[in-house]
Amino acid sequence: MKISVISALSIALAAVSAAPTENCNGVKGGKKNLIMMISDGFGVASETMAREYAQQIDRKPYQWLSTLDELLVGTSRTKSSDTLVTDSAAGATAFSCAKKSYNGAIGVTDDEKPCGTVLEAAKLKGYTTALVSTARITHATPASFAAHVVDRDMEGLIAQQLIGNNTLNNKVDLMFGGGICFFQPNTTKTSCRTDTLNAWELAKSKGYNAFDNRAAFDALKPNTKLPTLGLFTPDHMSYEIDRNPKVEPSLAEMTIKALEILSENTKNTKEGFFIMIEGARIDMAGHDNDPAAHLHDIFQYWETVTAVRKYIDSHPDTTMIGTSDHETGGLTLAIDPEYVWYPKILQPVKKSAEVICPEIKKVATDKRKEFIQKTVIPNYLGIANVTDADVTSILNAVAKGSTDCKHAVGHVVSNLAHIGWTTGGHTGVDVGLYAYGRGTKKLRGNYENTQVGEFLKNFLEVDLDPVTKSLAKENTHQPGFKWTRAPPSIITRRDLGSEGEDVDVDLAAYHDQIDSYHPRGHHH
């Protein structure tokens, strides 16, 4: 597998007209654009894995840097208000509202009240806004920039809020991604909604140019009228390793198309644009412990970053900041006791575990062992030496359920490559911080995730407090949705009481704050 090139995309970028405006420090004054890139679940070990794969397979020199390596300026901390191990909802809310919140919170603070986001404030100031993701567009990360619900699983209500059915009447101008199922009434076979509301038609009634196919996407011109909504799959978009380019555009293609449209639509406006771009499925491959799917989505994210850099080079009034909401999987390169790992093992893998496991499930029970032995392991995973232990591990896992099956398939490849995973959830480690363009010189070192949100706010010169006040009556509870907030797992000094006070708290727990991923279950 070679890292894909973007020559065709580069030509498209070159066609986007540049109209830079200088100012004293790249932040204050003048028209400007801000691109926020989020590589969901992407840790520094994942970057190392992808780099070393490229170095070995494509014979890159030892000193070679990936496009992300060249932009590294620091690290970001990831904890939420109620646990040292965040989920994507709290992580993205820290970026969008510049405030800590609890796991599962979408655009609400720890007291469950709506908080104004940088996207909403930018929109009210006159900026054109956009969200691009390979997840459902109603999923935690994109939702946290333009919706306000107390639980991330309230995606039916999130869909309505994204298209302007909210207190602010604030429509996101452009959205590309997956997840049309939450816009379809529950009378539709592929719907994920719990009610009969047709949010797709509601979007159209609010002026959206709404479409759900690749042909319509390809037909979009830079002068496309906004608002525009393009959703290409019922659920999340496919892993890059599985993606059919005739059906689904890549993250890089969606990003370049969005930048073309945003450039044209803001060329005569006082303010520029704000766009959040998410490489969402890096995270989900981490949840699946699927190293090959993880790798392919990282390469696609690299391609997208390269496209953004080319755009900024021709549009110096544009700045990019990128980071991750958290790391997923606890990826390690080498497993006890040997000091080795083998990138080449990942090269022949043809399908993700997400695709492989349903295929196995469709095979008759008495035929599954043979299918795994003769098709899955040698053909899909590219492993010539098929062992009984590997066949048995996958076969037994299929009977246990989807998650077990995906882990078993991923671990067959991982074990051979000497890649380790500590969890099927998130971890609490710091993640990389990346930046490119004017106004980013202060971003050096280690930052809280809320400080990343502060940077977004200050760069755009927006005030979130008036937006928060305007949202006081926003409906944050989806009708008919039963929700109970999980108890916090972080013990703080205030929990221990004042000095000398006798409190019933294990003092050692303050120093040993141990938590797993979100206590209410896996949030992919």
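Relevant structure appears above.
Just so it is clear, the model here is predicted, and its values are computed rather than measured. (Residues numbered from 1 in each chain as written. Predicted model: local features only at pLDDT ≥ 70, side-chain atom pairs only at ≥ 80, totals over all residues. Heavy atoms only, no water.)

Trainee: Looking at this structure, how should I read the overall build of the chain?
Mentor: When you go through the chain residue by residue, the secondary structure sums to 18 helices and 14 strands. Sequence separation of 24 or more characterises 75% of the internal contacts of the chain that already satisfy a separation of 6 or more. A total of about 21,200 Å² of accessible surface is found on the chain, and carbon and sulfur atoms cover 51% of it. (Helix = DSSP H or I, 4+ residues; strand = E, 2+ residues; numbered from the N terminus. Contact = heavy atoms within 4.5 Å. Areas by Shrake-Rupley, 256 points an atom, 1.4 Å probe, with all protein chains shown as cover.)

Trainee: In this structure, what is going on with the state of the cysteines? I would like to understand it.
Mentor: Such a bond, covalent and formed between the sulfur atoms of two cysteines, is termed a disulfide. By the definition in use, this model includes three disulfides. Between Cys181 and Cys192 runs a disulfide, and the two sulfur atoms are separated by 2.2 Å. Measuring handedness by torsion sign, the sulfur bridge of Cys181 and Cys192 sits at about -95 degrees and is left-handed. Remark: Cys192 occurs in the loop between β4 (174-178) and α7 (199-205) and Cys181 occurs in the loop between β4 and α7; sequence separation between them is eleven residues. For Cys192, a relative accessible area of 33% corresponds to the partly exposed category. Residue Cys357 pairs covalently with Cys405 via a disulfide, S to S 2.1 Å. In this structure, the disulfide formed by Cys357 and Cys405 twists by about -95 degrees around the S-S bond and is classed as left-handed. (Disulfide = S-S within 2.5 Å. Buried < 20%, exposed > 50% of the residue type's maximum accessible area, 1.4 Å probe, protein only.)

Trainee: Would you mind showing me how to read the environment of Gly179 here?
Mentor: Note on placement: Gly179 falls in the loop between β4 and α7. Residue classification places Gly179 among the buried residues on the basis of a relative accessible area of 0%. The spacing of Gly179 and His139 is 40 residues in sequence and 8.2 Å in space, taken between C-alpha atoms. Not counting residues up to four positions away in its chain, the partners in contact with Gly179 are Arg136, Leu231, Thr233, Pro234 and Asp235.

Trainee: Can you walk me through the pattern of salt bridges in this structure?
Mentor: Any two side chains of opposite charge can pair, so long as their charged atoms come close to each other. Within this structure, the stated rule accounts for 24 salt bridges. Of the charged contacts, one joins Glu370 and Lys374 as a salt bridge, the two residues approaching to 3.4 Å between their closest N and O atoms. With Glu370 and Lys374 both in helix α13 (residues 368-380) and four residues apart, the pair spans about one turn of that helix. Salt bridges sharing common partners tie together Arg214, Asp218, Glu240, Arg243 and Glu253. (Salt bridge = Lys/Arg side-chain N within 4 Å of Asp/Glu carboxyl O.)

Trainee: Help me out: how do you make sense of the nonpolar core in this one?
Mentor: It is characteristic of soluble globular proteins that their nonpolar side chains tend to be buried jointly. Counting 78 residues, the largest nonpolar core has Ile35, Val132, Phe176, Ile275, Leu381 and Ile394 as its most contacted members. Broken down by element, the residue count for this core peaks at eleven residues, all from helix α11 (residues 291-314). In this structure, Met175, Phe182, Tyr208 and Leu443 belong to the second largest nonpolar core, which totals 62 residues. (Core = buried A, V, L, I, M, F, W, Y, C linked by side-chain atoms within 4.5 Å.)

Trainee: Just to check I follow, could you spell out α11 for this structure?
Mentor: Three- or four-residue spacings in an α-helix give side chains the same orientation, since the helix completes a turn every 3.6 residues. With 24 residues, α11 extends 35 Å from end C-alpha to end C-alpha; this agrees with the ideal 34 Å at 1.5 Å per step. Counting buried positions over the 24 residues of α11 gives 20, a clear majority of the element. (Expected span 1.5 Å × (residues − 1).)

Trainee: It is not clear to me how the packing of helix α2 (residues 44-57) against α11 should be interpreted in this structure. Could you clarify?
Mentor: Across the interface, α2 lies against α11 with an axial gap of 10 Å and an inter-helix angle of 85 degrees. As the angle between them shows, α2 and α11 are arranged roughly perpendicular. Facing α2, whose interface residues are Ser46, Glu47, Met49, Ala50, Arg51, Tyr53 and Ala54, α11 presents Pro291, His294, Leu295, Ile298, Phe299 and Trp302. The class makeup of the residues in the contact of α2 with α11 is nine nonpolar, two polar and two charged. (Axes fitted to C-alpha atoms, helices over the stretch in contact; angles between N-to-C directions. Parallel < 35°, antiparallel > 145°, perpendicular 65-115°, else oblique. Nonpolar A, V, L, I, M, F, W, Y, C, P; charged D, E, K, R; others polar.)

Trainee: I tried to follow the environment of Gly286 on my own but got confused; where do I start?
Mentor: Locating Gly286 in the fold gives a position in helix α10 (residues 281-287). Along the primary structure Gly286 and Trp421 are separated by 135 residues, whereas in three dimensions their C-alpha atoms are 8.6 Å apart. Once residues within four sequence positions are removed from consideration, Gly286 is found in contact with His294, Thr328, Gly329, Trp421 and Thr423.

Trainee: What is the right way to look at helix α12 (residues 353-362) in this model?
Mentor: All of the buried residues along α12 are Ala353, Ile356, Cys357 and Ile360. The buried residues of α12 occupy one face: seen down the axis, they fall within an arc of 95 degrees. Buried residues in α12 make contact with α13, α14 (388-400) and α15 (402-417). (Arc of directions from axis to C-beta.)

No statement about biological role is implied by the geometric values presented.
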